[in-house]
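What the coordinates show
Residues per chain, in single letters:
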Amino acid sequence: MADESAFDKKKSHRAKQAGRKAEKKKNKNKVDQSNLSARQRNPKAFAIQSAVRAERQFRRREDVISKKQHIPQVDKTPLEPPPIVVAIVGPPRVGKTTLINNLIRSFIKTNVTSTNGPITIVTSKKRRITLIECNNDVNSMIDIAKCADLVLLLCDASFGFEMEIFEFLNICQVHGMPKIMGVLTHLDMIKNAKTLKTTKKTLKHRFWTEVYSGAKLFYLSGIVHGEYLRNEIKNLSRFISVMKFRPLSWRMTHAYVLADRLEDITSQDLIRKDPKVNRDVVLYGYVRGVPLMKDSSVHIAGVGDMKISELSYLPDPCPLPSNEKKRHLMERERQIYAPFSGVGGIVYDKDAVYIELQGSHSHKKEDEETNEKKTLLKNVVETKETVDEQMQESGFKLFSGGAVIYPDMIKDDEYLQQNKKADSDDSDSGAESDSDSDNDSGIDQSEKDDKKNKVPWDNNSDGDESDAEDDDEKQGSSDEETIPVDNDISADEGDTDTDDEIQTEEDFGSKWKEKLGEKATEAYLERQKTSKNIMKLVYGEFEIGNKTKDKKDEESDDEEDEELGGLFKKVTDTQKKKHKEKERLDLEECTFFYALEKPNLRDWTSEANKQFLINNFVTGKRSADEDASELLKLDDASDGDEEVYGDFEDLETGEKHVAEETPQETGGKRKAEPTKSEILDKKMKLKAKFDSEYDNPDDHRIKGDHSYYENLKAEALKQSELNKSVFENLDNGLRIEVEGFRPGLYVRMLFKNMNSEFVTNFDPSYPILIGALNMAEQNIGFVSCKVKKHRWYKKILKTNDPLIISLGWRRFQTLPIYSKIEDDLKCRYLKYTPEHVTCNMHFYGPMTPQNTGFLALQSVSNNTNEIKQVGFRIAATGSVNEINKSTQIVKKLKLVGTPLKIYKKTAFIKDMFTTTLEVAKFEGARIKTVSGIRGQIKKALNKPEGAFRATFEDKILMSDIIFCRTWFKVDVTKFYAPVVNMLLPVGAKNAWQGMKTKGQLKREKNIKSDANTDSMYTEVNRAPKVFKPLVIPKNLQKGLPYRFKPKEKTLKLPGKNNKDRFQNRIAVIKNPEEQKVSSVMKMLKTNYEKKKEVQKEATAQRLEKHKKQMELEEWRKLKRQKELKKKICRHLSKMGNKKKPQM
Amino acid sequence: MPATIHNDLLVYKGSNFFRQRLLLATLSGRAIKIEDIRSTHDDPGLREYEVSLIRLLDKVTNGTRVELSQTGTSVYYQPGILVGGQVTHNCSTQRGIGYYLEILLALGPFCKEPMNAVLQGVTHSALDVSVDKIKAAALPLLLKFILVDDGLELKVVRRGAPPLGGGEVVFKCPVRRHLRPLQWTKWGRVKRIRGVVYALRVSPTMANRVVDAAKGVMLNFIPDVYINTDQCRGSNAGKSPGFGVSLVAETDDKTFYCAEAKSTVAGAGEITLPEDLGRECAQRLLDEIYRGGAVDSCFQWLLALWMALGQKDVSECIVGPLSDYTITFLQHLKEFFGVMFKLEVQRSGSDDEDSDDEGVTPASKIKMTCVGIGYVNISKRTL
């Protein structure tokens, strides 16, 4: 612990240098050279033996070094930083208030009776801290985690870590981890020394796993007389005052204010009329993070988005001591400032200083008073005040009203004011320049300037209104001309310029048209001169601020008045200004330098003009600090400090140079001859350059060639120096305009139209965190993020169940939809969050930059039963991925149809769609049967509505079911409700309940949804299965072995079983006679059959023989015929041949 | 003229600076209303080219809402999220492509996906900067802010002269999470002059005559002058005849000044001599060099925009005298983003001494200093 050693400075031990002891030690340390190896004796000789090992060593070293490197960040801590926010967090009854009291006592040696809200104290010469206690509400825990720089996490050691502590640590991790120091209290409750030791150890290790190993854990051993031990508190306070902080990315891009004072400045009259009227509330606090811009919108945690209607800074109520050189803080410099706790006697306001007297009642108490008499009396007192205010206001109005009635007087006033302003301008402090009155004078001045410039143009602009085009052009040129005058108004030159203009003006009267070109050229030359107050030229109009509208009205009044006055309209200055604006209103937009007028450019080729330009080219002459010869001379001169142009001998040539009286020769002529101070400057510059190159005080451990990293670091360093130095010498008012309210300033913010509940239900124990919103962050859109259910949260989260999300500065309730990103980057809808992996989440909410962490809760109410049931309140954590104005989440949809008719590979499908239009939309879509046959939707049929023709890759069956798989877009519900816990009544601030889940509502109203009839259990009736008889084909039967053959061919007669059948049969038994007869008959029959068989065979043989004979005969016949045919053909052909030659 | 604010809605009057206002509204995410657009003119309401601009903005954004009044004299514009990606736009021929391209250039780094835009129309117009100028002077400026050039490209596919146009350019721009702060107080000296002369549907000798004239002027100052001629033919030459020149002066600190001149529209009656054109362009370039500064005067507003949109760090640049357009732009920046520039007139000490000797007064330089508003590209997706 480097920190510990910082203040643990004891006299270090000094070893004996001489004497017996020293001798002994020397001998002991002496190494016996005899039994050393060669390597040990001479390590250098063995430096590199293996290239591989050397390479490994090198690689390891580089790894270690690159682990140490962090991306260099531009250091944005201001010169006078805001107080460090030290939050004291812990479950109830661990001793938070006691710790705060003790800390305050140890820092500023005073007792504070009540600790409410933030308490700012000066702890050392360069450090202030703001102590704030966090109550046991998850809303405050979140807000505190967002603004705390250092957290003292209190834990009752006799009980162990409670859920709140883990919850808080989780909140911290999500919103940017502040420094966390654990503090164990109630150690005296553990009596046994051994248990104490083990408890400490286990708690320490548990704490380390949560924060980081080695995180500081303090032990406050016990309470004596209601206080912790003094030296323990002292140690703790020392730790606090030397703590270093790393910038957190969210807070390095956003400004925020932890309000430590609140004031309701609504007029009592309005409140009396309607106690619920919207209030004007002023909040005070230090700006933290980055500079706060004047017209940025902010989010007040627990209230909502607001616009700061007035922002100004006040003198620091708790300033750091002056820069005198001294070691300790003076007693009077140990200041404390805690308006909510009623300490810090002096309170500064915009225009007054209040000294709080002990025992006098504060405003808040007065509000609560109900006694008639007292209020009446108070009203008298208060009305006096309000009358004053009203007087002031009405005075203001009178003044502006006067402008209507007495324009001349007004002018005088304006002159007066202007003079006054000019006088006071330099002496004005920034705070005053922000105030209204100064702004007004600002307008007047700029307005007046314009008037003065426009006088010469009166005639022209009136007379030639008809000629629009020319007028445009002329107006453009007049613009040109007014500019330099505008700028030089204070200088003498300005006057002469205007004179000139008036002169030229007279010439112009008649024939200005001819001179248009010249005019433009003149303006063009004018433009190239220096313009002095360029800021006013550009931003002159802006000091008007909110008053613009009123002015407009006034002007219109002016007009009317004068029109009524006479027949001729008198052209006033304001009208002229308006006219000029009107002319500009509808011009063509053009980025060119000479937008619409075309001046005659200078002829740059002429010798005179060439001189202006020649040095802008590389061939031209260079300025003194760039010109090589000049630089050389400078070098010579700096070398010559010791021996100015002394004698020396050129050793090569042997030539001797003797010092000449050079100064006389060159000094008179050259201006660029360097003086001593210049040389000194140059030397310092060189030294700085050298230092920056070679000194690396922060981590000199990093060595080697890390030029890329070094360059990055140098760049960041340069930028941070520039950031600090560039506005240092600027006037404070202007600086704030340019830079914003830098961190460390104590600001006063006025919010108009705040809910009255914010004031009436105000509880200082809840932190008021005002976070600035950057560009586009006040807009609302669809946020897509990745999210993971917390592993300690017992339930899984359901899509479209309301969820409270803490993102950026905000806490809000919304309806998220979970999804999963498929491989084709499609977001597929999920009904529930998966258990242990991240999934995507979409919700409608404020746009927040990517990678911002968030956490989700299902409820923020502090119902103990509920907490006990849930155990851990943080439902999920995640970070923002993308922001869009629409979402693309899809859900699977299966359309089912059945075949109507089937042709070969074509089928008509019904029941998938209901109308032809639907079918038309799905033409060409892929479909599939259950059996896997793929197909395509072709065209709708007109007969059954919704049926269509489809083709498949194979013939489908009538029993097939056809699917069409499509995606259905799911919309995210547009619901966004900020958690407005600050507006709830004092006792019930932790009972915010937004939208309830459907389940909750049903449970409350005792509604039970009807079960799906398909899912209901019904009695199962199973009919006995009847099988068909087994039929064995005849052929098969034949082939079967005997034992498998069906044994009997029973002819079934209905209603009779086998036994009956056999019963009815009569056995026939023959007598011997009959037997004889039948055997004879049998024999005869057999004989006969044999005879028949033989006969049959003989017949067959005969037939065959006959057949053969017949065939032979046939064949012969055919042969004969063939020959005959041949003969005839030959004969015929012969005849033909004979005939032919004759032909 | 400053805007009036009705509960966070900026209300402007008049058609001038229509483009600025839409651009800043898109970047800041604030809704605006523009009233009295040419309400007193014979031809009231929005022009075709302005409607075309709204269309283009609608193409590169998601969730933009535009409401036009019946007469077209008032517009309500609620910007959405910048998307970018593949965009094809047929620009109105009333204005040049530069009118639209400058907007895309300003929006390009802040889109969700890298922009790849194809714009068709008039590449060289009298009222707007030409595509050559943007390519030569504005892209290097953007490069200063994004530092790494991965796919920043402007390709002139076809040139098109007014009135019919027929040109086409392809613009590609990478996306960035945020811009770097920029310190640019030295711009060096002009080291070379380059240029392009294009001749569309006219005799090629025209181009050569322009080159000769322009070169004649520039050679008085520096020997390193090289001017290309681009004689387009066929479909590459667009639909109307015309010719013109753009000259670029590059300094040793990578500042580019660019001047251009073009012939009058065909059939207007006047005839432009190529020699006059060349000389005029050279004079304009010299004027630009005289004014000096870190950027060309046409792109001062882009510089101001990107400086203001940087991280919460100080940026400072020195530019030549501010143009009217820039002044209005600075006012608009103040209204939309609340960012105010510190403007100082710069006097360089050593130059003054020289000027005493020779009577040379350099043009006034203005040092612009501002703290970026910490603008981050919220539309980009992180995985």
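Going by the annotation in an unreviewed UniProt entry, the name recorded for chain B is RNA 3'-terminal phosphate cyclase-like protein, with Trichoplusia ni given as the source organism. Per its UniProt entry, chain B bears the Sequence similarities (unreviewed entry) comment "Belongs to the RNA 3'-terminal cyclase family. Type 2 subfamily." Of chain B, the UniProt comment under Subcellular location (unreviewed entry) reads exactly: "Nucleus, Nucleolus".

Naming follows an unreviewed UniProt entry, where chain A appears as Ribosome biogenesis protein BMS1 homolog of Trichoplusia ni. For the record of chain A, the UniProt heading Subcellular location (unreviewed entry) holds the text "Nucleus, Nucleolus". Under the heading Sequence similarities (unreviewed entry), UniProt records this for chain A: "Belongs to the TRAFAC class translation factor GTPase superfamily. Bms1-like GTPase family. BMS1 subfamily."

Moving on: the pairing of strand E9 (residues 256-259) of chain A. One face of the sheet, then the other: side chains in a regular strand alternate in exactly this way. Residue and element names in this part refer to chain A. A two-sided burial pattern is seen for E9, the buried positions comprising Tyr256 and Leu258 on one face and Val257 and Ala259 on the other. Note that E9 and strand E21 (residues 768-772) share four bridges and pair antiparallel. Residue leucine 258 lies in a different strand from E21, and its bridge partner there is leucine 769.

Attention now goes to the pattern of salt bridges. Tallied over the entire structure, the rule returns 53 salt bridges over all chains. Arg19(B) is the partner of Glu102(B) in a salt bridge, and the nearest nitrogen-oxygen pair spans 2.8 Å. Note that Glu102(B) is positioned in helix H3 (residues 97-107) and Arg19(B) in helix H1 (residues 18-28), a separation of 83 residues in sequence. The pair Glu102(B) / Arg19(B) is uniform in exposure class, with both members buried. Where Glu316(B) meets Lys367(B), a salt bridge forms, and the shortest distance between an N and an O atom there is 3.6 Å. One end of the pair, Glu316(B), is in strand E17 (residues 314-319); the other, Lys367(B), is in strand E19 (residues 365-371), and 51 residues separate them in sequence. Both residues of the pair, Glu316(B) and Lys367(B), belong to the buried class. Connected through shared salt-bridge partners, Glu588(A), Asp43(B), Arg47(B), Arg95(B) and Asp128(B) make up one network.

All right, on to helix H6 (residues 138-147) of chain A then. Residues lying three or four places apart along an α-helix face the same way, a consequence of the helix completing one turn every 3.6 residues. In terms of burial, H6(A) is a largely internal element, ten of the ten residues being buried. When H6(A) is considered as a whole, its buried residues turn out to be Val138(A), Asn139(A), Ser140(A), Met141(A), Ile142(A), Asp143(A), Ile144(A), Ala145(A), Lys146(A) and Cys147(A).

Quick look at the pairing of strand E13 (residues 190-200) of chain B now. Residue and element names in this part refer to chain B. Two strands pair when backbone bridges link them, and E13 and strand E15 (residues 242-251) are joined in this way by ten bridges, in the antiparallel orientation. The residue of E15 that forms the bridge with isoleucine 193 is alanine 249. Pairing between E13 and strand E14 (residues 225-232): eight bridges, direction parallel. Bridge pairing in E14 links valine 197 to threonine 229. For the handedness criterion, the β-α-β arrangement of E13, helix H5 (residues 204-218) and E14 is classed as right-handed.

Glancing now at the packing of aromatic side chains. Residue and element names in this part refer to chain A. Summed over the entire model, instances satisfying the criterion amount to 31 aromatic pairs over all chains. Taking the centre distance of 5.1 Å and the plane angle of 45° together, the rings of phenylalanine 340 and phenylalanine 762 count as tilted. Separated by 422 residues along the polypeptide, phenylalanine 340 in the loop between strand E15 (336-337) and strand E16 (346-348) and phenylalanine 762 in the loop between helix H29 (756-760) and E21 bring together distant segments of the chain. The two residues phenylalanine 340 and phenylalanine 762 agree in class, both being buried. Taken together, a centroid distance of 5.6 Å and an interplanar angle of 75° make the contact between tyrosine 903 and phenylalanine 908 edge-to-face. A relative accessible area of 16% means that phenylalanine 908 is categorised as buried. An aromatic cluster is defined as three or more aromatic residues linked by ring pairs; in this entry it consists of Phe161, Phe166, Phe207, Trp792 and Phe872.

Here we take up the state of the cysteines. If you walk through the whole model with that rule in mind, you get zero disulfides over all chains. The thiol of Cys173(B) is unpaired, and the distance to the nearest cysteine sulfur, on Cys111(B), comes to 7.3 Å.

So, on to the packing of H3(B) against helix H7 (residues 300-308) of chain B. All names here are of chain B. Relative orientation of the contacting elements H3 and H7 amounts to 20°, with a least axis distance of 11 Å. One finds that H3 runs roughly parallel with respect to H7. Classified by chirality, the crossing of H7 by H3 is right-handed. Contacts between H3 and H7 pair Glu102, Leu105 and Ala106 from the former with Trp301, Leu302, Leu305 and Trp306 from the latter. For the contact of H3 with H7, the class distribution of residues is six nonpolar, no polar and one charged.

What follows deals with the interface of chain A and chain B. Frequently, the measure chosen for interface size is the accessible area removed from exposure when the parts meet. The partner chain B presents 113 residues to the 89 residues of chain A that form the contact. Across the chain A to chain B interface the summed buried area is about 9000 Å²; carbon plus sulfur atoms make up 55%. Counting the surface chain A buries against chain B, the share from its top three residues, Glu589(A), Thr591(A) and Met775(A), is 9%. Our count for the contact surface shared by chain A and chain B stands at eight salt bridges. A salt bridge links Asp8(B) to Lys307(A); the nearest nitrogen and oxygen atoms lie 3.3 Å apart. Summed over the shared surface of chain A and chain B, the result is 33 residue pairs in polar contact (both at pLDDT 80 or more). When grouped by side-chain class, the residues that make up the side of chain A that touches chain B number 38 nonpolar, 24 polar and 27 charged.

To continue, consider the sheet that holds strand E3 (residues 32-35) of chain B. All names here are of chain B. The five strands lie next to each other as E1-E2-E3-E6-E5, forming an open sheet whose pairing is mixed. A single partner strand is all that each edge strand has here, and the edge strands are strand E1 (4-6) and strand E5 (65-68). Ignoring which end each strand starts from, the neighbouring axes of this sheet average 20° apart. Along the sheet, helix H8 (residues 324-337) makes contact with strand E2 (9-13) and E3, crossing E2 at roughly 155°.

The next thing to look at is helix H7 (residues 163-175) of chain A. Residues and elements named next belong to chain A. For H7, which comprises 13 residues, the first-to-last C-alpha distance of 19 Å matches the rise-based estimate of 18 Å (1.5 Å per residue) to within 8%. Most of H7 is tucked away: eleven of the 13 residues are buried. For H7, the full list of buried residues reads Glu164, Ile165, Phe166, Glu167, Phe168, Leu169, Asn170, Ile171, Cys172, Val174 and His175.

Among the surface-exposed residues, Val1077(A), Val1080(A), Met1081(A), Met1083(A) and Leu1084(A) lie close enough to one another that they form a single nonpolar patch of about 490 Å² accessible area. Mapped onto the fold, Val1080(A) is located in helix H35 (residues 1072-1142).

Calculation rules
- Residues numbered from 1 in each chain as written.
- Chains lettered and ligands numbered in written order.
- Predicted model: local features only at pLDDT ≥ 70, side-chain atom pairs only at ≥ 80, totals over all residues.
- Heavy atoms only, no water.
- UniProt positions renumbered as here; feature names shortened; annotations may be inferred.
- Buried < 20%, exposed > 50% of the residue type's maximum accessible area, 1.4 Å probe, protein only.
- Helix = DSSP H or I, 4+ residues; strand = E, 2+ residues; numbered from the N terminus.
- Pairing = 2+ DSSP bridges.
- Salt bridge = Lys/Arg side-chain N within 4 Å of Asp/Glu carboxyl O.
- Right-handed = clockwise from strand over helix to strand, strands pointing away.
- Phe/Tyr/Trp six-rings, centres within 6.5 Å; stacked < 30°, edge-to-face > 60°.
- Disulfide = S-S within 2.5 Å.
- Axes fitted to C-alpha atoms, helices over the stretch in contact; angles between N-to-C directions.
- Parallel < 35°, antiparallel > 145°, perpendicular 65-115°, else oblique.
- Left-handed = near helix turned anticlockwise from the far one by under 90°.
- Contact = heavy atoms within 4.5 Å.
- Nonpolar A, V, L, I, M, F, W, Y, C, P; charged D, E, K, R; others polar.
- Buried area = accessible area lost by both parts, 1.4 Å probe.
- Polar contact = N/O pair within 3.5 Å; in protein donor to acceptor, adjacent residues only side chain to side chain.
- Expected span 1.5 Å × (residues − 1).
- Patch = residues over 30% accessible without salt bridge, like charges linked within 9 Å, V, L, I, M, F, W, Y side chains within 5 Å.
- Areas by Shrake-Rupley, 256 points an atom, 1.4 Å probe, with all protein chains shown as cover.

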